Amino acid sequence: MTLTCPICKVQNAESEDWCNECGWLLSQKAPGSSVQDEGNIDDELDFKAFLILPERGSVGLKKIRTVIGREFGDIQIPDDLNISRIQLALVAENGGLYVEDLRSSNGTLLNGVKIPPGRRYLLSTGDVITAGDSALKVEFKGLDKEGEESPGLYLVDEEGTKSRLRQGDNTVGRLPLNTVTLEDCPYVAREHAVLSLELAPSGLNFLYLTDLGSSNGSFVNQKPVPAHTRIRVHPGDEITFSDVTFRLIEIMKEED
Ligand SMILES: [Zn+2]
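Not measured: the values here are computed from a predicted model.

Participant: I would appreciate a short explanation of the overall build of the protein in the present structure.
Facilitator: Each helix and strand in the protein was counted, giving 0 helices and 24 strands. Compactness check: the protein gives a C-alpha radius of gyration of 20 Å against a globular reference of 18 Å for 256 residues, within 12% of the reference. Dimensions along the principal axes, computed over C-alpha positions, put the protein at roughly 70 × 45 × 35 Å. Expressed as a percentage of its 256 residues, the buried residues of the protein come to 30%. Within the protein, contacts between residues separated by at least 24 positions form 40% of all contacts whose residues are at least 6 apart in sequence.

Participant: How should I be thinking about the environment of Leu25 in this particular structure?
Facilitator: Assignment of secondary structure puts Leu25 in the loop between strand 2 (11-13) and strand 3 (48-53). On the basis of neighbour count, Leu25 is assigned to the exposed category, with 11 C-beta atoms found within 10 Å. Separated by 20 residues in sequence, Leu25 and Cys5 have C-alpha atoms that sit 8.9 Å apart. Setting aside residues no more than four positions away along its own chain, Leu25 makes contact with Asp17 and Trp18.

Participant: Explanation requested: the sheet that holds strand 24 (residues 244-251) in the structure shown.
Facilitator: The strands making up a sheet are joined through hydrogen bonds of the backbone, oriented either antiparallel or parallel. Spatially, 15-14-24-23-20-21 is the arrangement adopted by the 6 strands of the open sheet, whose pairing is antiparallel. Looking along the sheet, the strands with just one partner apiece sit at the ends: strand 15 (162-164) and strand 21 (223-224). Note that strand 14 (residues 152-156) and strand 15 share 3 bridges and pair antiparallel. Bridged to Tyr154 within strand 15 is Arg164.

Participant: So what exactly am I meant to see when it comes to the sheet that holds strand 5 (residues 65-69) here?
Facilitator: Within the open sheet, the 5 strands sit side by side as 6-5-7-8-11. Their pairing is mixed. Edge positions in the sheet fall to strand 6 (75-76) and strand 11 (120-122), since each of these pairs with one other strand and no more. When strand 5 meets strand 6, the two strands line up parallel, connected through 2 bridges. Residue pairing in the sheet places Gly69 in a bridge with Gln76 of strand 6.

Participant: Please clarify how the nonpolar core should be interpreted in this entry.
Facilitator: A general trend in soluble globular proteins is that nonpolar side chains are found buried together. Counting residues in hydrophobic clusters, the biggest one holds 30 residues, and the most contacted among them are Ile7 and Ile129. For this core, the secondary-structure elements that each account for two or more residues are strand 5, strand 7 (88-93), strand 8 (96-101), strand 12 (128-131) and strand 13 (134-141). Looking at which element gives the most residues to this core, the answer is strand 7, with 5 residues. When near neighbours in sequence (up to four residues on either side) are disregarded, Ile129 contacts Val99, Thr108, Leu110, Leu136 and Val138. The next biggest cluster of nonpolar side chains, apart from the first, holds 17 residues, and it includes Ala189, Leu195, Leu207 and Leu248.

Participant: Can you walk me through the pairing of strand 7 in this structure?
Facilitator: Here is the key point about a regular strand: its side chains alternate between the two faces of the sheet. Summarising burial for strand 7: 5 of the 6 residues are buried, a large majority. Bridge count between strand 7 and strand 8: 6 bridges; the pairing is antiparallel. Opposite Leu88, over in strand 8, you have Asp101 as the bridge partner. Adjacent in sequence and paired antiparallel, strand 7 and strand 8 are bridged by 2 residues, among which Asn94 carries a positive phi angle near 50°.

Participant: Would you mind going over the environment of Leu248 with me for this structure?
Facilitator: By secondary structure assignment, the location of Leu248 is in strand 24. With 86 residues separating them along the chain, Leu248 and Lys162 place their C-alpha atoms 9.4 Å apart. With residues up to four places along the chain from it excluded, the contact list for Leu248 reads Leu153, Leu155, Val233, Pro235, Gly236, Asp237 and Ile239.

Definitions and cut-offs
- Residues numbered from 1 in each chain as written.
- Predicted model: local features only at pLDDT ≥ 70, side-chain atom pairs only at ≥ 80, totals over all residues.
- Helix = DSSP H or I, 4+ residues; strand = E, 2+ residues; numbered from the N terminus.
- Rg over C-alpha atoms; globule rule 2.2 N^0.38 Å.
- Buried ≥ 20, exposed ≤ 12 C-beta atoms within 10 Å, placed from the backbone.
- Contact = placed C-beta atoms within 7 Å.
- Pairing = 2+ DSSP bridges.
- Core = buried A, V, L, I, M, F, W, Y, C linked by C-beta atoms within 7 Å.

If you want it as structure tokens, here you go:
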């Protein structure tokens, strides 16, 4: 009898505790073990899911379970030594895409917050997963526009386009890996500022702005904010990154 490793598919003797090839604990349930191994991601999701990798750009997810690691898995990031050999899995199930840390040495962060290993977290478009020194941005395409009106805090640009802010850290800057990407704005820094959305025990959302020392600065209601200092911002405020201005709005839950 042999045991097939769910990660690297190598056959191991039944007496082995750890996979000879990749080091996976063989008694550990595979990430997303409730889903069909060979399934197609399009059967689970009604949108296309992509990961934007540093230097490599956008990679479309094709499998129901995508394992990411330095040496093993479906997407390998060999040049980041702080990523574990097996780091994390992305699992599509019940119409959603989830991230799970696979007991990596340095952990996995979702929007700047470390996630406990072995548990799954639902992803939204714009989320940033950090593994080792690599930031991986999640992007969904072909979503219907209804999601734009769900309750939460939004940045609205001068054309009225809304970007929903995620719980945790939302980075703003010119690089495509930012949560809010301002690609065509030459005066915005590559990594300009962070908007941190924190849920207070009262259930209220508090939003903080930190300028990351950008050359052209950040402004709240046209007043410059000091670099590297957390400033609380409120719905209705005007937030400017260099020469790009947004209005912060809150869409409330509909009352019954
Ligand atoms: Zn293995």
